[in-house]
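# An overview of the molecular structure
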Amino acid sequence: MFKKGSYVICGVNGICQVESVTTLDFEWVDKNQKFYLLRPVFSNESTVYKPVDSTELRPALTKEEANDLINTMKDIETIPIADEKTLEKTYKDLIHSCDPVCLVKLIKTLLLRKENRLLKGFKVTALDARYFKLAEDHLYGELSVALDIPKSEMREFVLSHL
């Protein structure tokens, strides 16, 4: 069970801080079931409720884990892309995994695809741009909190380690 003040990764909401553990007062919810009240770190307007026994949450990276990830980024492989037709599913699966290594793989792959397309005189696809932004938002938010570096500086920091 996460403690109040802990940072967790909550799917598409990204990095969140545990505000409290509470129950919900709705007819369709078991009155004894406990929920985390989560606040997304980079979105002050929303709150998220997740059951305490949810498997969709994981602890955010510690400073040591974030530094280890940064130091191994250059060794992380890109994604082998065999079929353009299944590309979006591949991207979606990597984003939904909420695994920082998968996010690094996706970012590296999309950077390489962008470079190759630009060299051939083509634009970056909307699909690639959308998933690149999602991967950056999720990874940079988590690293920002773990390393105490402003999120606005994370792109340059991460790219310098790739």
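Let me sum up the structure you'll find in this document. Note that the coordinates shown come from a computational prediction; the quantities given were computed from them, not determined experimentally.

### Some thoughts on the overall build of the protein
In terms of regular secondary structure, the protein is built from 5 helices and 5 strands. Reading the protein from its N terminus to its C terminus gives the helix and strand order β-β-β-β-β-α-α-α-α-α. Taken over the C-alpha atoms alone, the protein extends approximately 60 × 35 × 25 Å along its principal axes. Within the protein, buried positions represent 36% of all 162 residues. Carbon together with sulfur atoms contributes 52% to the accessible area of the protein, which is approximately 10000 Å² in total. One finds the centroid of the 23 positive side-chain charges in the protein at a distance of 4 Å from the centroid of its 25 negative side-chain charges.

### As for the side chain of Lys50
Its location among the elements puts Lys50 in strand S4 (residues 48–51). Here the side chain of Lys50 touches Glu56 through a polar contact of 2.5 Å, side chain to side chain.

### A short note on the pattern of salt bridges
Two side chains that carry opposite charge are able to pair once their charged atoms sit near each other. Tallied over the entire structure, the rule returns 9 salt bridges. Lys50 is the partner of Glu56 in a salt bridge, and the nearest nitrogen-oxygen pair spans 2.5 Å. Between Glu88 and Arg130 there is a salt bridge, with its nearest N and O atoms 2.9 Å apart. Placement of the pair is Glu88 in helix H2 (residues 87–97) and Arg130 in helix H4 (residues 126–147), with a sequence separation of 42 residues.

### Some points on the sheet that holds strand S3 (residues 35–40)
Read from one edge of the open sheet, 5 strands run S4-S3-S2-S1-S5, paired in antiparallel fashion. Edge positions in the open sheet fall to S4 and strand S5 (57–59), since each of these has one partner strand only. Each neighbouring strand pair of the sheet contributes to a mean axis angle of 45°, computed without reference to strand direction. Pairing of S3 with S4 involves 4 bridges; the strand directions are antiparallel. Paired with Leu38 across the strands is Val48, a residue of S4. Lying on the sheet, H4 is in contact with strand S1 (7–10), strand S2 (15–22) and S5; it crosses S2 at an angle near 75°.

### Considerations on the nonpolar core
Soluble globular proteins tend to bury their nonpolar side chains together. Within the largest apolar cluster, 29 residues are counted, with the highest numbers of intra-cluster contacts made by Leu69, Met73, Leu106, Leu139 and Leu143. At the level of elements, helix H1 (63–72), H2, helix H3 (100–119), H4 and helix H5 (154–161) are the ones that each hand at least two residues to this core. Apart from residues no more than four positions distant in its own chain, Leu69 is found in contact with Leu61, Ile76, Pro100, Val101, Val104, Leu139 and Leu143. The next biggest cluster of nonpolar side chains, apart from the first, holds 8 residues, and it includes Cys10, Tyr36, Leu38 and Leu57.

### Observations regarding the environment of Val158
On the secondary structure map, Val158 appears in helix H5. A relative accessible area of 1% means that Val158 is categorised as buried. Taking C-alpha positions, Val158 is 9.7 Å from Glu136, a pair spaced 22 residues apart along the chain. Setting aside anything within four residues of it in sequence, one finds Val158 in contact with Ile70, Met73, Tyr140 and Leu143.

### With respect to the packing of aromatic side chains
Taken as a whole, this structure holds 2 aromatic pairs when the rule is applied. Considering the side-chain rings of Phe2 and Tyr36, the 5.6 Å spacing of their centres and the 55° angle between planes classify their relative orientation as tilted. Linking Phe2 in the segment before S1 with Tyr36 in strand S3, this pair joins segments that are 34 residues apart in sequence.

### What to know about the packing of H1 against H4
Helix-helix packing is described using two parameters, namely the angle between the two axes and the distance between the axes. The N-to-C vectors of H1 and H4 enclose an angle of 125°; their axes lie 8 Å apart at closest approach. When the axis of H1 is compared with that of H4, the two are oblique. Here H1 and H4 pass one another in a crossing that is left-handed. For the pair H1 and H4, contact is made by Lys63, Ala66, Asn67, Leu69 and Ile70 and by Leu139, Leu143, Ala146 and Leu147, respectively.

### A closer look at H4
Under the 1.5 Å per step criterion, the end-to-end length of H4 is 31 Å for 22 residues, consistent within 8% with the ideal 32 Å. Of the residues one or two after H4, Asp148 is the one with positive phi, at around 55°.

Conventions adopted
- Residues numbered from 1 in each chain as written.
- Predicted model: local features only at pLDDT ≥ 70, side-chain atom pairs only at ≥ 80, totals over all residues.
- Heavy atoms only, no water.
- Helix = DSSP H or I, 4+ residues; strand = E, 2+ residues; numbered from the N terminus.
- Buried < 20%, exposed > 50% of the residue type's maximum accessible area, 1.4 Å probe, protein only.
- Areas by Shrake-Rupley, 256 points an atom, 1.4 Å probe, with all protein chains shown as cover.
- Lys, Arg positive; Asp, Glu negative; His and termini not counted.
- Charge placed at Lys NZ, Arg CZ, Asp CG, Glu CD.
- Polar contact = N/O pair within 3.5 Å; in protein donor to acceptor, adjacent residues only side chain to side chain.
- Salt bridge = Lys/Arg side-chain N within 4 Å of Asp/Glu carboxyl O.
- Pairing = 2+ DSSP bridges.
- Axes fitted to C-alpha atoms, helices over the stretch in contact; angles between N-to-C directions.
- Contact = heavy atoms within 4.5 Å.
- Core = buried A, V, L, I, M, F, W, Y, C linked by side-chain atoms within 4.5 Å.
- Phe/Tyr/Trp six-rings, centres within 6.5 Å; stacked < 30°, edge-to-face > 60°.
- Parallel < 35°, antiparallel > 145°, perpendicular 65-115°, else oblique.
- Left-handed = near helix turned anticlockwise from the far one by under 90°.
- Expected span 1.5 Å × (residues − 1).

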